Amino acid sequence: MNLNKYNNKIKNINLILLAVLLTGCGGNSNNASSTDSTQTAGSTQTTGNTSTTNPEVSGLGISDIPVELKRTYTTALKFNRYTKVETPNGNAIHIIAQTDIMDNQIVRSRGILEHYLKNLPESIYGEDKSEVANKMAENGAILLLLNGVDDGTNAGAELDGQPLYYGEMQVEGHSWYINQNYEHRDASFEEILHLVHDYGIGVDQNAQFDGALPNFQAEIRAAQINGLADKLWAWPQEQSSWIAELTAENSLSQEYLASVIDSYYGLWGAFDSEYGMWGMYIAKTREDLVAKDPQAAALMNNRFFHSYLTYNARIDDSFKGDFSLKFNSSLSYTYHAQYLKDITLTGSNNSNVIVNQMDNDITGNTGTNTVIFSGPSTHYDITKNDGVVTIKDLQDDRDGTNTVTGIENLKFTDSVLKTSDY
């Protein structure tokens, strides 16, 4: 989020009419990156009140845009790919991408959405999120992955949907992710959260509440009111006009919650400021939340959001070296990567993975890969079953139990072992 740019939820009627007129007039449909070649047959399913025919789907779950959606999200407006998250009631939340979006950006965006909608057992509001997912589909939730940046020049942003731009979507292992210099800050968690919150959880103080979790929204609202009143969030005077705009459009609780989520998942830990979210939120890290904004910390405590990132992160094929899942203050990206659990290396570079304390699931690429552990080999139980190697740390609270597939080597502090020997 840039303080000078806000999501405009009011449709620009003229541009929508223009988009309709441009339907079928052609345009650039080049794919920005290659995908797996696995194909499945096309199928027909019901989505909302329409029957949507799906074209062939790639091994990454990406397809051409279904005809029924392509009438609006046209090639003239540079939309060329589609994926979705299916909902329990048989409908879908659509994700529609423009030409410059990398396939890994599409997959990651879908993964973050699935992460937010993944059930959190024994939690207060997230034990069964089917009602939230169903409500999102019912309310017509659409995620738009757009070329460029949020500078007002992309006409596709005026169509129905939550915009997320190429220039603010990171991919694990890509240089934007590794460097964490905030020139291309990761807005994916914020914008996809807005979609889940507005279309699924629900927003109070409107004419009616059209969401699934009014009690959770009441807690979010109370924390937001406290955060604003106690100058924990958006307190500098230069933000007063922005707060006035958010108040007028009833977006205060959404933007506050996004600041909390970003800090909770480590997105601002490397930011060169005392505070998070461009210096406008009191907390930079998860630890800060507990100390500086206890009501925000309570929102994250067994309510709805998982404590780690549940999606399988596809490490960009440009990455070389050691990708660390373990926090290391000298590696800025690990403020965020420490919350990853499962990853897949892509491409052919020889690259390695340093495990963290969780039970990691690691898949190798076509190069030579090594998984790196914290202790000597004698401290681990190693077994193999159907090509999957399981490495269980016999010491508590260190490396957990890890499963690896397509990995050649296991590196311990005393030795390097080959998985082929098991």
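Look a little higher up for the structure.
Keep in mind the model is a prediction, meaning the values are calculated, not measured.

## A word on the nonpolar core
The biggest cluster of nonpolar side chains holds 91 residues, and the ones touching the most others in it are Trp233, Tyr281, Phe305, Phe323 and Leu340. Looking at this core element by element, the count peaks at seven residues for helix α9 (residues 252-264). The contact partners of Leu340, leaving out residues within four places of it in the chain, are Glu172, Tyr177, Leu309, Tyr311, Ala313, Phe323, Leu325, Asn356, Met358 and Asn360. Membership of the second largest hydrophobic core comes to 13 residues, among which are Ile65, Leu69, Tyr73 and Tyr82.

## Quick notes on helix α8 (residues 240-248)
Residues Trp242, Ile243 and Leu246 constitute the buried set of α8. When α8 is viewed along its axis, its buried side chains cluster within an angular range of 100° and face the same direction. Tucked inside the fold, the buried residues of α8 contact α7 (214-229) and α9. Positive backbone phi, at 55°, marks Asn250, one or two positions downstream of α8.

## Observations concerning the sheet that holds strand β6 (residues 162-165)
Taken together, four strands build an open sheet; the order of strands is β3-β4-β5-β6 and the sheet is mixed. A strand with exactly one partner marks an edge of an open sheet, and here the two such strands are β3 (79-86) and β6. Mean inter-strand twist for the sheet, computed between neighbouring axes without regard to direction, equals 20°. Sheet topology places strand β4 (residues 92-98) next to strand β5 (residues 142-146); four bridges connect them, and they run parallel.

## Quick look at the pattern of salt bridges
Where charged atoms from two side chains of opposite charge come close, those side chains can pair. Inspection of every chain in the model, using the stated rule, returns 13 salt bridges. Salt-bridge contacts for Lys135 lead to Glu138; the nearest nitrogen and oxygen are separated by 3.4 Å. Of this pair, Lys135 and Glu138 both sit in helix α4 (residues 130-138), three residues apart, which is roughly one turn of that helix. Residues participating in the shared-partner salt-bridge network are Arg108, Glu172 and Asp186.

## Overview of the packing of aromatic side chains
Applying the stated rule across the entire model yields 27 aromatic pairs. Judged by centre distance (5.9 Å) and plane angle (80°), the ring pair of Tyr116 and Phe305 falls under edge-to-face. Highlighted residues: Tyr116 in helix α3 (residues 103-117) and Phe305 in the loop between α11 (294-299) and β7 (309-315), separated in sequence by 189 residues. Comparing Tyr116 with Phe305, the two get one shared label, buried. Pairing Tyr264 with Tyr265 gives two aromatic rings, centres 5.1 Å apart and planes at 65°, and the pair type is edge-to-face. You can call Tyr264 buried: its relative accessible area is 7%. For Tyr265, a relative accessible area of 0% puts it in the buried group. Through successive ring pairs, a cluster of aromatic residues spans Tyr116, Tyr125, Phe216, Phe304 and Phe305. Here Arg286 stacks its cationic end above the ring of Tyr264, 3.7 Å away from the centre of that ring.

Procedures and definitions
Residues numbered from 1 in each chain as written. Predicted model: local features only at pLDDT ≥ 70, side-chain atom pairs only at ≥ 80, totals over all residues. Heavy atoms only, no water. Core = buried A, V, L, I, M, F, W, Y, C linked by side-chain atoms within 4.5 Å. Buried < 20%, exposed > 50% of the residue type's maximum accessible area, 1.4 Å probe, protein only. Helix = DSSP H or I, 4+ residues; strand = E, 2+ residues; numbered from the N terminus. Contact = heavy atoms within 4.5 Å. Arc of directions from axis to C-beta. Pairing = 2+ DSSP bridges. Axes fitted to C-alpha atoms, helices over the stretch in contact; angles between N-to-C directions. Salt bridge = Lys/Arg side-chain N within 4 Å of Asp/Glu carboxyl O. Phe/Tyr/Trp six-rings, centres within 6.5 Å; stacked < 30°, edge-to-face > 60°. Lys NZ or Arg CZ within 6 Å of the ring centre and 35° of its normal.

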